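So the chains spell out like this:
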Amino acid sequence: MITLRGLTKRYGDTLAVDSLDLEVRPGLVTGFLGPNGAGKTTTMRMVLGLDRPTAGTALIGGRPYRELDRPLHHVGAVLDAKAVHPGRSARSHLLALARTHRIPGRRVDEVLETVGLESVARRRAGTFSLGMSQRLGIAAALLGDPELLVLDEPVNGLDPDGVLWVRELMRSLAAEGRTVFVSSHLMSEMQQTADRLVAIGRGSLLADAPLAEVIANSAWTAVRVRAPHPEDLVSALESEGAGVERVGVGELVVTGAEMERVGELAHRAGVALHELSPRAASLEQAYRELTRDSVQYASPNPCPDPSATPAASSNRSRA
Ligand SMILES: Nc1ncnc2c1ncn2[C@@H]1O[C@H](COP(=O)(O)OP(=O)(O)OP(=O)(O)O)[C@@H](O)[C@H]1O
């Protein structure tokens, strides 16, 4: 369990983390989301005692990291997978860590097997790809069999098999009753992995709720249409200002028009419909709404925001 109370970090003029109050609970995977520069890594670093808060506290099981006796048994973390001595083999890196906590060598072999690195255990870590380094970081995090895992973008650099493996690992660690706190920019991945979400923007809390609630609170609404010849309906919808996305042959996703209105327009245009149904928001859409005012480093031509439509602009609420 992580408990943050008024956690604040200032770097000169930059308020990186702004009075965060939060509990990250055991038995769940808690996804930690936020745009670039939102303060996720800084928050994790303060939890792990790597940065000192300007104000407030970050506690693990009720104690600051620095007061933990044999911390590897309480917390396993991957913040920077490449932060390993490049000249050391994977095995000797893990053995060195294990010795600091009197963890037996056989545990090193166990975690190497868990992360699938046995065959390269004697290779220098400096020759590892990013994905292999992530696996080595996870092996180090698991070494002390900790009740808390803090993972900063753990699927970064992993191939699809690796992404699936990390997802299943996090799910199984949470199912064993551990606390899993994981940051990611991959919303589709978080939607499949997290039970609960914490979103921050410019250092402040934007949401702290179960995944389903965050998505349900999205104001994004859309209508799925299947029609063998939808052209006249597309023209009618576009002339009313609705957004029409063609997602397949004879398949549309319409935003900015109520489902009833789409049906009326289809009837009037003489367009036969094979399907007219509401389409649920994804975490991606919910996230974009949540963080819309917090993005600091936007690309010059961002993708159009599907939630910024007339139908979606009402009823906006936050988790
Ligand atoms: N050591 C530092 N010195 C000065 N400013 C820093 C330092 N570390 C972080 N910052 C600033 O604090 C803010 C939060 O950064 P942080 O790395 O925590 O964000 P993040 O949410 O992890 O971002 P990303 O998703 O890009 O990794 C940023 O404005 C960053 O420039």
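Since the structure is predicted, the reported quantities are computational estimates derived from the model, not experimental observations. (Residues numbered from 1 in each chain as written. Predicted model: local features only at pLDDT ≥ 70, side-chain atom pairs only at ≥ 80, totals over all residues.)

### Thoughts on the overall build of the chain
The test is simple: Segments assigned H or I by DSSP are reported as helices when at least four residues long, segments assigned E as strands when at least two residues long, and all are numbered from the N terminus. Exposure criterion: with C-beta atoms placed from backbone coordinates, a residue whose C-beta has 20 or more other C-beta atoms within 10 Å is buried, one with 12 or fewer is exposed, and one in between is partly exposed. What counts as a contact is two residues whose backbone-derived C-beta atoms lie within 7 Å of each other.
The secondary structure content of the chain amounts to 11 helices and 13 strands. Viewed in the frame of its principal axes, the chain has a C-alpha envelope of about 75 × 45 × 35 Å. Per-residue burial for the chain yields a buried fraction of 41% across its 319 residues. A separation threshold of at least 6 residues defines the contact pool for the chain, and within that pool the share at least 24 residues apart is 70%.

### Comments concerning the domain arrangement of the chain
Filter applied, for reference: Note that the domain bounds were set by an automatic or database domain assignment.
For the chain, the assigned domains read domain 1 (2–216) and domain 2 (222–279). Here the C-alpha centroids of domain 1 and domain 2 sit 44 Å apart.

### Considerations on the confidence of the model for the chain
We apply this condition: What pLDDT reports is the predictor's confidence in each residue, on a scale of 0 through 100.
Summing up the model confidence of the chain, the mean pLDDT is 90 and the portion of residues at 70 or higher is 94%. Predicted confidence for residues 304–319 stays below pLDDT 50, and this span has 39 contacts to residues more than four positions away or in other chains. ipTM for the predicted complex: 0.97, alongside a pTM of 0.85.

### Some details on unusual backbone geometry
Peptide bonds are mostly trans, and most non-glycine residues show a negative phi. Of note, Ser19 is a non-glycine position whose phi angle comes to about 50°, a positive value. Within the secondary structure, Ser19 sits in strand 2 (residues 14–24). Among the residues examined, Ser19 registers 15 C-beta atoms within 10 Å and is labelled partly exposed. Unlike most non-glycine residues, Asp145 shows phi in positive territory, near 55°. Note on placement: Asp145 falls in the loop between helix 4 (130–142) and strand 6 (148–152).

### Digging into the sheet that holds strand 2
Rule in force here: Two strands make a pair as long as DSSP finds a minimum of two bridges between them. Helix axes use the C-alpha atoms of the stretch in contact, all axes being lines fitted to C-alpha atoms, and the angles between their N-to-C directions lie in the range 0 to 180 degrees.
Strand order in the open sheet made by the three strands is 2-1-4, with antiparallel pairing throughout. A single partner strand is all that each edge strand has here, and the edge strands are strand 2 and strand 4 (55–60). Shown here is a sheet whose adjacent strand axes are inclined to one another by a mean of 20°, direction ignored. Sheet topology places strand 1 (residues 2–11) next to strand 4; five bridges connect them, and they run antiparallel. Bridge assignment links Leu4 to a residue of strand 4, and that residue is Ala58. Sitting on the sheet, helix 1 (residues 40–47) touches strand 1, strand 2 and strand 4, and the angle it makes with strand 1 is about 120°.

### A word on the site of the ligand
Which entries qualify depends on this criterion: Each residue receives a C-beta atom placed from its backbone. It is near a molecule or strand if this atom lies within 6 Å of it. Amino acid classes used here: Ala, Val, Leu, Ile, Met, Phe, Trp, Tyr, Cys and Pro are nonpolar; Asp, Glu, Lys and Arg are charged; the rest, including Gly, are polar.
Around the ligand sit Tyr11, Thr14, Ala16, Gly34, Asn36, Gly37, Ala38, Gly39, Lys40, Thr41 and Thr42, and those are all the residues in its vicinity. Here the shell around the ligand gets three residues from one element, more than from any other, and that element is helix 1. Residue classes in the shell around the ligand are distributed as three nonpolar, seven polar and one charged.

### Considerations on the packing of helix 8 (residues 231–239) against helix 9 (residues 259–269)
Stated formally: Here is the rule for angles: anything less than 35 degrees is roughly parallel, anything more than 145 is roughly antiparallel, 65 through 115 is roughly perpendicular, and the remaining ranges are oblique. Left-handed describes a crossing in which the near helix is turned anticlockwise from the far one by less than a right angle; the clockwise case is right-handed.
Between helix 8 and helix 9, the least distance of the axes is 9 Å, while the angle of their chain directions is 125°. Overall, the two elements helix 8 and helix 9 adopt an arrangement that is oblique. As helix 8 packs across helix 9, the resulting crossing turns out to be right-handed. Contacts from Asp232, Leu233, Ala236 and Leu237 of helix 8 reach helix 9 at Val262, Leu265, Ala266 and Ala269. The residue makeup of the contact of helix 8 with helix 9, split by class, is seven nonpolar, no polar and one charged.

### Some remarks on the sheet that holds strand 10 (residues 222–226)
Taken together, the four strands give an open sheet; going across it, the order is 11-12-10-13, and neighbouring strands pair in antiparallel fashion. For this open sheet the edge positions go to strand 11 (243–248) and strand 13 (275–279), each flanked by a neighbour on one side alone. Recorded for the sheet is a direction-independent mean angle of 25° between the axes of neighbouring strands. Summarising the sheet, strand 11 and strand 12 (residues 251–255) pair through five bridges and their orientation is antiparallel. Within strand 12, the position partnered with Arg246 by the bridge is Leu252. Strands in contact with helix 9 are strand 10, strand 12 and strand 13; relative to strand 13, the strand with the most contacts, it is inclined by about 160°.

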